Amino acid sequence: MPTTTRVAIIGAGPAGLLLSHLLAEAGMESIVIDQRTREEIESTIRAGILEQGTVEVLDGLGDFSRARTVGHRHDGIELRFDGAGHRIDFAHLVDRSVWLYPQHEALKDLIAARLAGGQDLRFGVTAVRVEGAESDRCGRA
Ligand SMILES: Cc1cc2nc3c(=O)[nH]c(=O)nc-3n(C[C@H](O)[C@H](O)[C@H](O)COP(=O)(O)OP(=O)(O)OC[C@H]3O[C@@H](n4cnc5c(N)ncnc54)[C@H](O)[C@@H]3O)c2cc1C
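Residues numbered from 1 in each chain as written. Predicted model: local features only at pLDDT ≥ 70, side-chain atom pairs only at ≥ 80, totals over all residues. Heavy atoms only, no water.

Asker: Can you break down helix α5 (residues 103-116) residue by residue, with the values?
Answerer: When the terminal C-alpha atoms of α5 are compared, their 20 Å separation across 14 residues agrees well with the 20 Å that a helix rising 1.5 Å per residue should span. Counted residue by residue, α5 has 10 buried out of 14 residues, so it is predominantly covered. Among the residues making up α5, those that are buried are Q103, H104, E105, A106, L107, D109, L110, I111, A113 and R114. On its buried face, α5 sits against α1 (14-25), α2 (38-43), α3 (52-59) and β8 (120-123). After α5 finishes, the residue G118 shows a positive phi value of roughly 85°. (Helix = DSSP H or I, 4+ residues; strand = E, 2+ residues; numbered from the N terminus. Expected span 1.5 Å × (residues − 1). Buried < 20%, exposed > 50% of the residue type's maximum accessible area, 1.4 Å probe, protein only. Contact = heavy atoms within 4.5 Å.)

Asker: Hey, could you go over the pairing of strand β6 (residues 84-89) for me, with residue numbers and the actual values?
Answerer: On any regular strand, side chains alternate: one points to one face of the sheet, the next to the other face. When strand β5 (residues 76-81) meets β6, the two strands line up antiparallel, connected through six bridges. The residue of β6 that forms the bridge with G76 is D89. Remark: two residues form the turn of the hairpin made by β5 and β6, two consecutive strands paired antiparallel; D82 in that turn has positive phi of roughly 55°. (Pairing = 2+ DSSP bridges.)

Asker: Go over the site of the ligand, please, and point to the residues and values.
Answerer: Surveying the vicinity of the ligand reveals 16 residues, the closest of which are A15, D34, A47, Q103 and A127. Q35 places a polar main-chain atom, nitrogen or oxygen, 3.1 Å from a nitrogen atom of the ligand. At 3.1 Å, a side-chain N or O of R36 approaches an oxygen atom of the ligand. Protein contact buries 55% of the 1000 Å² of open area that the ligand shows by itself. (Near = heavy atom within 4 Å. Polar contact = N/O pair within 3.5 Å; in protein donor to acceptor, adjacent residues only side chain to side chain. Areas by Shrake-Rupley, 256 points an atom, 1.4 Å probe, with all protein chains shown as cover.)

See below:
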């Protein structure tokens, strides 16, 4: 059964989910598909650090992100060489921080928020080709 949509997003990773959120904020509907199951996506360990800009973008989309409450803010790192520690003080140097918050936890937040917002989000669906990319109409998802 063909489905039409304004925007078809392939991949429910950080990029696809954030894009669907930003589109919804702009009043544009989309469908997100991912070949993996929700359980796989929410349990695959990958990235662990969110930069300040990312945390601020998530803040601007509502209060669903747990990065600030569950994550840990780091104001710098320490590099050890020549027998000594050398602190790189992010906060002092550039007035920025990073948050230790696992990617799969950020994805849990985004998925829950998108589903709560009525997002058409389909797991276990593989995109096999893109049709009509040059036309002004979206192909099938
Ligand atoms: C071990 C590891 C550690 C990392 N550490 C960090 C870190 O500390 N900080 C950091 O910023 N980044 C880190 N990264 C990078 C970060 O994980 C990626 O930049 C991020 O996942 C990219 O997001 P994405 O949404 O573009 O792609 P992905 O997360 O790869 O999502 C793409 C999605 O598309 C789906 N998909 C692909 N093809 C199809 C298809 N044909 N049909 C349907 N679905 C499809 C996939 O199943 C996947 O879920 C790390 C990555 C790895 C692997």
